Amino acid sequence: MFTEDQLRKTFLRVGLEYDPSAARDEALLARIQYAFQKTVPYENLDILFGVPLSLEPEALYDKIVARRRGGYCFELNGFLGMVLRAMGYPVTDYMARFL
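Everything numeric here is computed off the predicted structure, so don't read it as measured data.

A.B. asks: Honestly, the packing of aromatic side chains in this entry has me stumped. Any pointers?
C.D. replies: Both the distance between ring centres and the angle between the ring planes are used here to describe each pair of aromatic rings. With the rule as written, the count across this model stands at five aromatic pairs. Arranged with centres 6.0 Å apart and planes meeting at 40 degrees, the rings of Phe-2 and Tyr-61 form a pair that is tilted. Taken together, the residues Phe-2 in the segment before helix 1 (4-13) and Tyr-61 in helix 4 (residues 57-66) connect sequence positions 59 residues apart. Tyr-61 carries the same exposure label as Phe-2, and that label is buried. Both rings, one in Phe-2 and one in Phe-79, keep their centres 5.6 Å apart while their planes meet at 65 degrees; by these two values the pair is edge-to-face. Highlighted residues: Phe-2 in the segment before helix 1 and Phe-79 in helix 5 (residues 73-86), separated in sequence by 77 residues. Like Phe-79, Phe-2 is buried. These aromatic residues form a ring-pair network of at least three members: Phe-2, Phe-36, Tyr-61 and Phe-79.

Basis of the calculations
Residues numbered from 1 in each chain as written. Predicted model: local features only at pLDDT ≥ 70, side-chain atom pairs only at ≥ 80, totals over all residues. Heavy atoms only, no water. Phe/Tyr/Trp six-rings, centres within 6.5 Å; stacked < 30°, edge-to-face > 60°. Helix = DSSP H or I, 4+ residues; strand = E, 2+ residues; numbered from the N terminus. Buried < 20%, exposed > 50% of the residue type's maximum accessible area, 1.4 Å probe, protein only.

So this is what it looks like as structure tokens:
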């Protein structure tokens, strides 16, 4: 789970202001999703360079927020899900593959 300070910094990373008292409604959820899509890029550079990956919350926070990087699908979707859960949104994870 992320702290209030980590949530605030995550919101700053995507160009939003974090308000802990804001209603957790669909409008806020839409703004968060759009901000993430607009500012956090898909990138797989670590995979290409053989850098070990971690899906642990601390590692994702460090990569995406502290180092202002992007990530591949499992990193980006996993991190956003963790952020939303920390805010009190119900999140269901799904996995899909294509052939």
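Structure's up, so let's keep going.
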